[in-house]
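A closer look at the structure
Letter by letter, the chains look like this.
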Amino acid sequence: MSSPPVNRFDGLRRLEPGAALLPLRVFLGATFVYAGIQKLSDPGFLHKGAPSYLGTQLHGFANGTPGGFILKTFAIPHVTLAGVGIAFAEIAIGLLVLIGLFTRGAAAAGLLINLLFLITASWKTYPYFLGSDVVFVFAWLPIALTGASGQPALEHTLARRARRPRPDAQAAAGALVGATPAAATRRELLVRASALTGVATLVLGGFSALAKGRYRARTSSLDATAKPPPTSTAAAPATVKQPPLPSGAVRLGPASRLRADQGATYRDPANGDPDLVIRHRNGTLTATSAVCTHAGCTVGYEGGQIVCPCHGATYDPQTGEATGGPAQGPLAKRGVLEQGGSIYAIPS
Ligand code: FES
């Protein structure tokens, strides 16, 4: 007698809804660990003046967003504490979710962090589905509601071990007023597992912070001089007659400092904000504001495009038009001029 044919999809049909959430749980946990490590290992994250400086990002996120008052109250006055705190919190949440310990609580904390990002960092992203935080909020929700139900998780292992009768459990329980032997054992195991997770968080975060090295600017900078612009005769060889410079022109530096396919930032002579000048492959110069229109990080020139180091917005180097990422609009155009071997910023 032959056995009934086995349908290879039976296993999938019988898959518990909880088990189906395991890939999502692993993804969220791993992403949060990575996000924390990435923040702590970015040398510019807490370096004032760096393009990805958290303080600059926070000001951008707080401006005209519903969650701005939270950042203004708690994060902007304590940038370093806020940055380090959120990075370590992300690593701890990620580890807890990955190993399945206090899964619901950790997922709820992850949801709250992404909700805060949604009403601040991603608030101006249009259309909304281009921002990742809204997706993370809804991805965390089923994990926060059901935890690691139907999935392998450390909390299940600890609960099973706690239910196992132990010869010394009775004696241990005697020392704890009001605690059952199993509850005492489970608490003990949870405390140990939590302490190990805390140590792993500190080790991972500590190594990331140590590995970041010193901050080095990727885009070089030109120094605008506050002195009055030199006259054409002073800036050029005596034999070559140069046209007069536009009024208010400020010398940024020698033209030789900016080679083809390179960019450099400088302080806008009118408002002091960072601007970006680019020498294109054909030798021409263009300049735009270097303040990202998403949340105010300082953009740089990399690989033929203008790139924001904070959340990946990209812009066209010729026109300043946004070409990708969460940018809110084009970079404002700035005036630059090359004359007599020098580069000048022309106030608009
Ligand atoms: S500040 Fe977010 S992409 Fe630039």
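Details of the structure are given in the entry above.
Presented here is an overview of the structure given in this document. Remember, predicted model here, so these are calculated numbers, not experimental data. (Residues numbered from 1 in each chain as written. Predicted model: local features only at pLDDT ≥ 70, side-chain atom pairs only at ≥ 80, totals over all residues. Heavy atoms only, no water.)

Counted under the stated rule, the structure contains 3 aromatic pairs. Where phenylalanine 32 meets tryptophan 140, the ring centres are 5.1 Å apart and the plane angle is 85 degrees; that geometry is what we call edge-to-face. Within this pair, whereas phenylalanine 32 is found in helix H3 (residues 22-40), its partner tryptophan 140 is found in helix H8 (residues 132-146), the two being separated by 108 residues in sequence. When sorted by exposure, phenylalanine 32 lands in the same class as tryptophan 140, which is buried. Relative to phenylalanine 129, the ring of tyrosine 128 has its centre 5.6 Å away and its plane inclined at 75 degrees; by these criteria the two rings are edge-to-face. Each member of the pair tyrosine 128 and phenylalanine 129 is classed as exposed. (Phe/Tyr/Trp six-rings, centres within 6.5 Å; stacked < 30°, edge-to-face > 60°. Helix = DSSP H or I, 4+ residues; strand = E, 2+ residues; numbered from the N terminus. Buried < 20%, exposed > 50% of the residue type's maximum accessible area, 1.4 Å probe, protein only.)

Another point: unusual backbone geometry. Phi is positive for phenylalanine 102, close to 50 degrees, though the residue is something other than glycine. Note on placement: phenylalanine 102 falls in the loop between helix H6 (79-99) and helix H7 (103-118).

With that out of the way, let us pick up the pairing of strand E3 (residues 262-267). For strand E1 (residues 220-221) and E3, the ladder comprises 2 bridges, and the chain directions are parallel. Pairing of serine 221 across the sheet is with threonine 265, part of E3. What sits between E3 and strand E4 (residues 274-279) in their antiparallel hairpin is a turn of 6 residues, with glycine 272 showing a positive phi close to 80 degrees. (Pairing = 2+ DSSP bridges.)

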